[in-house]
Amino acid sequence: MDPEAARRRAERRAARVTAGAGELRERLADVLRGGLAAAEREGAAAWEETAARMVDAQAPGLAARVRGLGALPGAGPGGAARLVEECALLHLLVGGWLRRDALPAPLAATVRTRVGLPSVPRGEPVPDRWLVLAQHDHQDPYDRGGGARLTVRRIWVHGAGSGRTGLVLSYGAPGRAPELSLPVGGVVAATALPHPGAAWSRLDLGEVRGVTPPPPGGRAPGARVPAGGSVAAALAGYGATVAADPWTEGRAVTLAGVVPVLTGEGRGQVVEPSTGRALPFAPEFPRGAAPWRLVAFAGGTGVTVFGELGHTGLRPLAVWGADGVVVPLG
């Protein structure tokens, strides 16, 4: 690859993103001047048009966030307030991009990732034996045309030696599964490459030296599960993450000694008996058998739960008891 040619391509893309960000800032200012009632009358079509402009500007992260605004004005109680919040976060992101050269390096890296530029691993490689905690797929919000979207596989791993928990992403083309798949409860001997400015502590798995699958009903020998913390510590960590990355979807947390309970209508929460503190399940979790499997596994006793904590609540992805056997929930 010609480094000079790559540099010129990056500069051209940055210029297009900057032009798109300036246009988006004007659009958000128009919304503020016109008021929420006018935005609701315009409906989703106006936001779709703006999102298409961000696609043309090669800023898929901005496009995805703009597209999400279209459904908020008519989303019932709280929809208008949520629209204001999301517009403010989008305005902050645009401002961050336009002033990225003045930002601290970690925040600048986060802004680049949020607008949709590729994230490149940097930092010291971390060789370790990585326990696979969870794996789940979701559809990328960025429309590739005709409603086609990438499948994103999120794989959570925990290093036995480093004690580090990280997220490995794998992508599949529309209609195809992602290439990377790792056995939950298994151990991957690999060198991980950290990404900068990632709220999820994103890692790439570089040199993979071997994969040890878990035995039936257990976890692979030599695997180390992460030590769990309290609900208060999880909330404090989430607050620190939001302070560093206001656009974050959430943070990985491990909670020790919590009791999962269902609260009716398929909703639930995990309760910390020693303090009475609780975290509700996120709306996307109470679907299918996963909540029942979690509650049945605990049997009314304290267990260790790993999941993703966001502004809508906790999405449990794995649970284990005193024997350390990992049970996937994703």
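All figures in this text were calculated on a predicted structure; none of them were measured in a lab. Every chain begins its residue count from 1, and numbering advances along the sequence as written. Owing to the predicted nature of the model, reporting of local features is limited to residues with pLDDT of at least 70; listing and counting of side-chain atom pairs is limited to 80 or more, with chain, interface and lining totals taken over all residues. Hydrogens and waters are ignored; side-chain quantities use all the structure's heavy atoms.

**Side note on the overall build of the protein chain**
Here comes step 1: Helix and strand labels come from DSSP, where a helix needs a run of H or I of at least four residues and a strand needs a run of E of at least two; each type is numbered from the N terminus. For the protein chain, the helix and strand inventory stands at seven helices and eleven strands.
Here comes step 2: Relative to the 2.2 N^0.38 estimate, which gives 20 Å for 330 residues, the radius of gyration of the protein chain is 21 Å and therefore close to what a compact globule would have.
Here comes step 3: Each principal axis of the C-alpha distribution contributes one length, and for the protein chain these read about 55 × 55 × 40 Å.
Here comes step 4: For the protein chain, contacts bridging at least 24 residues in sequence account for 61% of all contacts bridging at least 6.
Here comes step 5: In this tally, Lys and Arg are treated as positive and Asp and Glu as negative; His is ignored, and so are the chain termini. Taken as the charge location is NZ of Lys, CZ of Arg, CG of Asp or CD of Glu. The distance from the centre of the 36 positive side-chain charges to the centre of the 29 negative ones in the protein chain is 2 Å. Just to be clear, the radius of gyration here is over C-alpha atoms, and the globule rule we use is 2.2 Å times residues to the power 0.38. In what follows, a contact means two residues having at least one pair of non-hydrogen atoms within 4.5 Å.

**Describing unusual backbone geometry**
Across the chain, the bulk of peptide bonds are trans and the bulk of non-glycine residues have phi less than zero.
Here comes step 1: Despite not being glycine, Gln-58 has its phi angle at roughly 60 degrees, a positive value.
Here comes step 2: Positionally, Gln-58 belongs in the loop between helix H2 (36-56) and helix H3 (60-69).
Here comes step 3: Between buried and exposed lies partly exposed: a residue is buried under 20% and exposed over 50% of the maximum accessible area for its type, with that area taken using a 1.4 Å probe on protein chains only. Residue Gln-58 is classed as partly exposed on the basis of its relative accessible area of 29%.

**A few points about the pattern of salt bridges**
Here comes step 1: Salt bridges are identified by distance alone: a Lys or Arg side-chain nitrogen within 4 Å of an Asp or Glu carboxyl oxygen. Evaluation of the coordinates by the stated rule reveals 13 salt bridges.
Here comes step 2: Between Arg-7 and Glu-11 there is a salt bridge; the shortest N-O distance is 2.4 Å. In this pair, Arg-7 and Glu-11 both sit in helix H1 (residues 3-34), four residues apart, roughly one turn of the helix.
Here comes step 3: Looking at Arg-7, the relative accessible area reads 39%, which means it is partly exposed.
Here comes step 4: One salt bridge connects Arg-65 with Glu-86, and the closest N-O pair in it is separated by 3.7 Å. Taken together, the residues span a long stretch of sequence, with Arg-65 in helix H3 and Glu-86 in helix H4 (residues 79-98) at a distance of 21 residues.
Here comes step 5: Taken together, the shared-partner salt bridges connect Glu-4, Arg-7, Arg-8 and Glu-11 into one network.

**Regarding the layout of surface pockets**
Here comes step 1: Each cavity reported here is a set of points on a 1 Å grid over the protein atoms alone in which a 1.4 Å probe fits but cannot get out, each pocket an open set with protein on both sides within 12 Å along at least five of seven lines, and each lining residue one with an atom within 4 Å of a point. Grid points are joined across faces, edges and corners, and a volume is the space filled by probe spheres set on the points. Space inside the second largest pocket adds up to approximately 450 Å³.
Here comes step 2: Along its surface, the second largest pocket is lined by 14 residues, and Ala-10, Arg-112, Leu-117, Pro-118 and Arg-122 are the ones closest to its centre.
Here comes step 3: Residue assignment for the lining of the second largest pocket shows that the elements contributing at least two residues are H1 and helix H5 (105-115).
Here comes step 4: Looking at the lining of the second largest pocket, its residues break down into eight nonpolar, two polar and four charged. In the scheme used here, Gly and all other residues not listed as nonpolar or charged are polar, with Ala, Val, Leu, Ile, Met, Phe, Trp, Tyr, Cys and Pro taken as nonpolar and Asp, Glu, Lys and Arg as charged.

**Examining the sheet that holds strand S1 (residues 126-139)**
Here comes step 1: One closed barrel holds the five strands; their spatial order is S1-S2-S3-S5-S4, and the pairing between them is mixed. Taking each pair of neighbouring strands and ignoring which way they run, the sheet shows an average axis angle of 50 degrees.
Here comes step 2: Here two bridges tie strand S3 (residues 165-172) to strand S5 (residues 202-212), and the two strands are oriented parallel to one another. Paired with Leu-167 across the bridge in S5 is Arg-202. One requirement defines pairing of two strands: DSSP has to find at least two bridges between them. A fitted line through C-alpha atoms serves as each axis, taken over the contacting stretch for helices, and the angle formed by two N-to-C directions is quoted from 0 to 180°.

**Focus on the side chain of Thr-50**
Here comes step 1: With respect to the helices and strands, the residue Thr-50 is situated in helix H2.
Here comes step 2: Among all residues touching Thr-50, those that are not within four sequence positions of it are Leu-24, Arg-27 and Val-66.

**Description of the confidence of the model for the protein chain**
Here comes step 1: pLDDT runs from 0 to 100 and stands for how confident the predictor is about each residue. In the predicted model, the protein chain carries a mean pLDDT of 87, and 92% of its residues have values of at least 70.
Here comes step 2: The lowest-confidence element of the protein chain is H2, averaging 85 in pLDDT; the highest-confidence one is strand S8 (residues 278-280), averaging 96.

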